[in-house]
Protein chains: 2
Amino acid sequence: MQAIPNNLRQHETSAAEAAALIQSGRTLAVGGYTSAGYPKAVPRELAARKRAGEPLAVNLLSGSLVGQIDELLADLTIRRTPMFESPAMRRAVNERRMVYVEQQIAKLPRLLRSGALGGIDVAVVEALGFTEEGRLIPTSSVGLMPLLLEMADRIIVEINSAQPAGLEGLHDVYLPGRPPERRPIPLLHPAHRFGEPFVRVDHDKIRAIVRTDEPDQAPAPEAPSGIMVQVTANLLNFLELEAARRWPGGLPPIQSGVGNLAYGLVTALGRSSFRDLKFFCGTLNEAGMELLLSGQAVAASTSAVQMTPRVTEILRNHGHSLRKSLVIRNQEITNDVEPAARLEILALNTGLEADIYGNVNTSHIAGAQVVNGIGGGANFAQNSGLSIMLLPSCGKGGAISTIVPMTPHVDICEHDVDVLITEQGVADLRGKDDVERAEAIIANCAHPAYREHLRRYLDRAVALVGGHHPQLLNEAFDWHRRLKETGSMAESGIFSSGG
Amino acid sequence: MQAIPNNLRQHETSAAEAAALIQSGRTLAVGGYTSAGYPKAVPRELAARKRAGEPLAVNLLSGSLVGQIDELLADLTIRRTPMFESPAMRRAVNERRMVYVEQQIAKLPRLLRSGALGGIDVAVVEALGFTEEGRLIPTSSVGLMPLLLEMADRIIVEINSAQPAGLEGLHDVYLPGRPPERRPIPLLHPAHRFGEPFVRVDHDKIRAIVRTDEPDQAPAPEAPSGIMVQVTANLLNFLELEAARRWPGGLPPIQSGVGNLAYGLVTALGRSSFRDLKFFCGTLNEAGMELLLSGQAVAASTSAVQMTPRVTEILRNHGHSLRKSLVIRNQEITNDVEPAARLEILALNTGLEADIYGNVNTSHIAGAQVVNGIGGGANFAQNSGLSIMLLPSCGKGGAISTIVPMTPHVDICEHDVDVLITEQGVADLRGKDDVERAEAIIANCAHPAYREHLRRYLDRAVALVGGHHPQLLNEAFDWHRRLKETGSMAESGIFSSGG
């Protein structure tokens, strides 16, 4: 590895000079995936230019959410694709000061290559350095980096010396090609390597190289709440029964999302009797890294590793030996439907709310206010061998039931949810018709304070409207209306208005 | 080929004796896919037993809808999976006299193999005959036949001499295996053969063989209505522009559903300037067969061929020469996400209604009354290279707008619809945010009689609720309510009630 090849030394420059290459009104693409491997210095300089009064506005594109950049660039982003994580950006999107093009991250490569999202003016990416042959070595994520570099007119590279050198050799980059030349993705198991441990880049497009020395700001893992501990305990009980019946060789590769739920889940798996755990996910968290280190997990395929101080230490000391079990891939593989379906992954996802039939709203509060966007969960749920949805049964101290008569937005359809689990219990929805699904969800998953109300809604929908999927359209959203008007879904008399 | 191998001659019997093997209270699986290759004599005997007063009740399982059997067995089916096509069965399901387990047909093999849907007592399938080695040669569909034979405890085979011998050699059966041994599906193009031209069957499970001589009752193709002719014309105009920009080698493999819309679509493609057409679909109709015969289509991968008299004639005379372009596969390949995504298929689907953002209801009238079930369209839309939704803008002489503020059921989420087309025009939704999508759909696709109402709904939703996906929950279903109460969505004053 080398920091900067001789032929590119002329482009070494300051973050401010590099940022000056980025023009207003164009599309800026940034590397990084969740909170890993994102460029740090150039986006900060861009934000500084905006704060200094420059009328700067860009279309911001990335592979997934990149919270640190989203928050920095919220004021100068006028169009954001495909998801985001930032309170400032969320306000701007929901106040319609920013255009947000929501899209599943699995579909993003196809859309980009088709030209439907336009071109990319500048791509800014982070790297450990270059190989002797001049290829880029990514850091803690690969994400969409290869495609962004291929599509961008101009490229800015940040070489980050704070990223552990142990990351080198963990990457596996494979581009499936385009039809009619596209071939099967060879992946047979999560730790299978079939690509290259670097990203090819056209040196003629590299216009600036900036040295940085700044760790990822990875979110610190938090201990899960009491309710989520119980959700996870219910999950593990269910998985033990299912494994005894169906998976003599152990659990299938596990997909879980990002955040505290995923951290709690993976931690609980580590305390379980399950061995030889495998992950096929977008982001591997600290708990997953500990399992790889201890040997309780034997394989992880991911697009990003969350670089907490502990993970950084693990990679510094054990990066080389982890090459047999940890593979950091590009998003065309980690989020593609082909490997997920082939592996029959165990998909563990969450959402904001589910309806009595199991349709899930993962993205829009009250159907209108977007949180982070649909992301990757829906495609994993669709193509898994078993799709489990995990929710607390209520929120805001009981003011909200996450099980509602109808969700005002649907991201994951009921037929892509096999099992629904809350702290109350488990509803196994497989092989059930819609009313049977509703009965199982209400009896096993709803909070007791709402159970009777939901049961009455279902009974009345069956009696008054009937059909295969009974719904009372006149009052399906009464719970959401009541929440807005009174601050709680649980007001008495909620069912007395409709007919 | 032989009709019946020597070792199985003892099992040749009448349809009535074969039907006597089917016991009440068990799961009966039938071969066939859409209106092709279904068993004919044994289901009829079963229906006769029921009519004669026997208290017969079965769980009915098939790969897809099998209209002829669904109608015959509606009175004795107590549980139906995964879809159906029969007015009698529809009434029974919607009156909750029959349990209907709706499921995407792409997911069905995984669910069956997992045991989640229970076992299969008897499978009844149709075949042309046996190979010299004793394997079964399917007729006009393969569908789920290999898996049903593998799972069933006992098997009844109908040997149908009315099916053209030219079907022999068109089949290609490949089972992808199960994780962790599952390998990539080798398919590289629609006419690619990589399996076996027969279905393996355990002779010990065959308990009856019945000879029949009865053609498939394939639905006669109907000329499309004037509105659908215009929808199709809009589609072709769009495809020509898209092809010029993006597909220099011609259109990607086309997926279209069953029914008159698909027939009109394929007929129109035949009159277009497109050459080297390829199909990757569940069912190939007569128009598609004509294109293969004329050479305008060069490849078709399908699970079933609709055996109209003309198609039967084509297969009698040209079956052998069609082997290079026509492949009849099992459903694990035709409906799997892996080949669809790899080929970046052009998915052409329809639905009952779409909301202003592009969420589609394909299955439930007024959100409650199921029509046929979700079927295969949603998975094709999710995994296509381009997903186009085709709808007439209104129905029932204008009483119904198919573009509504909110659909009371969602089967295909907005992000899986790239382009929406009605007879009014084309809304290209790619790269748009939600309000931009709504503006494009209302301006280009809604019927003029409803356009202003939809525009006012959107404007008021933006003003009163706002957010990324504005919806007025208090009045989102007013159109559906008005339709139920007055027979039309278009009543004046429709917007004056909410707030």
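Residues numbered from 1 in each chain as written. Chains lettered and ligands numbered in written order. Predicted model: local features only at pLDDT ≥ 70, side-chain atom pairs only at ≥ 80, totals over all residues. Heavy atoms only, no water.

Caption draft 1: Representation of the packing of aromatic side chains. Considering all chains together, one arrives at seven aromatic pairs over all chains under this definition. Ring centres 5.5 Å apart and planes at 35 degrees place the aromatic pair A:Y450 and A:W479 in the tilted group. In this pair, A:Y450 is assigned in helix α15 (residues 448-464) and A:W479 in helix α16 (residues 478-486), connecting sequence segments 29 residues apart. We note that A:Y450, like A:W479, is buried. Directly above the aromatic system of B:Y38 lies the positively charged group of B:K40, at a separation of 4.1 Å from the ring centroid. (Phe/Tyr/Trp six-rings, centres within 6.5 Å; stacked < 30°, edge-to-face > 60°. Helix = DSSP H or I, 4+ residues; strand = E, 2+ residues; numbered from the N terminus. Buried < 20%, exposed > 50% of the residue type's maximum accessible area, 1.4 Å probe, protein only. Lys NZ or Arg CZ within 6 Å of the ring centre and 35° of its normal.)

Caption draft 2: A look at the relation of the copies chain B and chain A. Aligned on chain A, chain B shows an RMSD of 0.0 Å; the corresponding rotation is 180 degrees and the shift along the axis is 0.0 Å. Classification of the inter-copy transformation places it as that of a two-fold axis. Taking C-alpha positions as the reference, the residue of chain B nearest the rotation axis is B:E338, at 2.4 Å. Of all interface residues in chain B, 100% are interface residues in chain A too; the two copies therefore contact each other through one and the same surface. (Least-squares fit on C-alpha atoms with pLDDT ≥ 70 in both. Contact = heavy atoms within 4.5 Å.)

Caption draft 3: Structural context of unusual backbone geometry. A cis amide bond links A:T81 with the next residue in sequence, A:P82, at an omega value of -5 degrees. Relative to the helices and strands, A:P82 is located in the loop between β3 (77-81) and α4 (87-94). Positioned with a positive phi, A:K396 is a non-glycine residue whose angle comes to about 50 degrees. Within the secondary structure, A:K396 sits in the loop between β23 (394-395) and β24 (400-401). Since its relative accessible area comes to 71%, A:K396 is described here as exposed. Positioned with a positive phi, B:D276 is a non-glycine residue whose angle comes to about 50 degrees. Within the secondary structure layout, B:D276 lies in the loop between α8 (260-271) and β12 (277-280).

Caption draft 4: How the structure looks around the state of the cysteines. Residue and element names in this part refer to chain A. For the structure shown, the criterion picks out zero disulfides over all chains. The closest cysteine sulfur to the non-disulfide-bonded C445 is located on C394, 13 Å from its own sulfur. Under the relative-accessibility criterion, C445 is labelled buried at 0%. (Disulfide = S-S within 2.5 Å.)

Caption draft 5: Representation of the interface of chain B and chain A in the model. On the side of chain A, 76 residues touch chain B, which itself brings 75 residues to the contact. Between chain B and chain A, a total of about 6,400 Å² is buried, with carbon and sulfur atoms accounting for 51% of that surface. If you sort the residues of chain B by the area they bury against chain A, B:R96, B:H415 and B:H468 come out on top, with a joint share of 11%. Among the salt bridges present, the one from A:E436 reaches B:R79, with a minimum N-O distance of 2.8 Å. Counting the contacts that link chain B with chain A gives 34 residue pairs in polar contact (both at pLDDT 80 or more). Among the elements that make up the side of chain B that touches chain A, the one with the highest residue count is helix α12 (residues 337-343) of chain B (five residues). (Buried area = accessible area lost by both parts, 1.4 Å probe. Salt bridge = Lys/Arg side-chain N within 4 Å of Asp/Glu carboxyl O. Polar contact = N/O pair within 3.5 Å; in protein donor to acceptor, adjacent residues only side chain to side chain.)

Caption draft 6: Region of the structure containing the pairing of strand β10 (residues 206-212) of chain B. Residues and elements named next belong to chain B. With respect to burial, β10 is a largely interior element, five of its seven residues being buried. Sheet analysis places strand β8 (residues 152-160) next to β10, joined by six bridges and oriented parallel. Looking at the pairing, I155 lines up with I206 of β10. (Pairing = 2+ DSSP bridges.)

Caption draft 7: Structural context of the side chain of B:D416. Tracing the backbone shows B:D416 in the loop between β25 (403-404) and β26 (419-421). Contact partners of B:D416, with chain neighbours within four places excluded, come to A:Q104, A:K107, A:Q382, B:A381, B:Q382 and B:S387.

Caption draft 8: Representation of α8(B). Given a rise of 1.5 Å per residue, 12 residues ought to cover 16 Å, and the 17 Å separating the end C-alpha atoms of α8(B) matches this to within 8%. Looking only at α8(B), the buried set comprises B:L261, B:A262, B:Y263, B:G264, B:L265, B:V266, B:A268 and B:L269. (Expected span 1.5 Å × (residues − 1).)

Caption draft 9: Examining the sheet that holds strand β19 (residues 360-361) of chain A more closely. Residues and elements named next belong to chain A. The three strands lie next to each other as β19-β18-β25, forming an open sheet whose pairing is mixed. Each end of this open sheet is capped by a strand with a single partner; those strands are β19 and β25 (403-404). Sheet analysis places strand β18 (residues 353-355) next to β25, joined by two bridges and oriented parallel. When the sheet's bridge partners are listed, D355 is paired in β25 with V404.

Caption draft 10: Inspection of the packing of helix α9 (residues 286-294) of chain A against helix α10 (residues 309-318) of chain A at higher detail. Residue and element names in this part refer to chain A. Where α9 contacts α10, the two axes come as close as 9 Å, and the packing angle between them is 30 degrees. Comparing their axes, α10 and α9 come out roughly parallel. For the element pair α9 and α10, the recorded crossing hand is left-handed. When α9 is examined against α10, the residues E286, M289, E290 and L293 are found in contact with a partner set consisting of R310, V311, I314, L315 and H318. Residue composition of the contact of α9 with α10, by class: five nonpolar, one polar and three charged. (Axes fitted to C-alpha atoms, helices over the stretch in contact; angles between N-to-C directions. Parallel < 35°, antiparallel > 145°, perpendicular 65-115°, else oblique. Left-handed = near helix turned anticlockwise from the far one by under 90°. Nonpolar A, V, L, I, M, F, W, Y, C, P; charged D, E, K, R; others polar.)

Caption draft 11: Structural view of the environment of A:R154. Residue and element names in this part refer to chain A. Following the sequence through the fold, R154 ends up in strand β8 (residues 152-160). In this structure, the C-alpha to C-alpha distance between R154 and P180, residues 26 residues apart in sequence, is 29 Å. Among all residues touching R154, those that are not within four sequence positions of it are L21, Q23, D121, V122, A123, K205 and R207.

Caption draft 12: Focus on the domain arrangement of chain A. Residues and elements named next belong to chain A. Domain parsing of chain A yields domain 1 (6-212) and domain 2 (345-499). Using C-alpha coordinates to define each centre, domain 1 is positioned 36 Å away from domain 2. Between domain 1 and domain 2, the contact holds 13 residues from the first and 12 residues from the second. Across the interface of domain 1 and domain 2, roughly 1,000 Å² is buried in total on both sides, 51% from carbon and sulfur atoms. For the domain 1 face of the interface with domain 2, the top three residues by lost area are N94, E102 and Q104, together amounting to 48%. On the surface where domain 1 and domain 2 come into contact, there are zero salt bridges. (Domains from an automatic or database assignment.)

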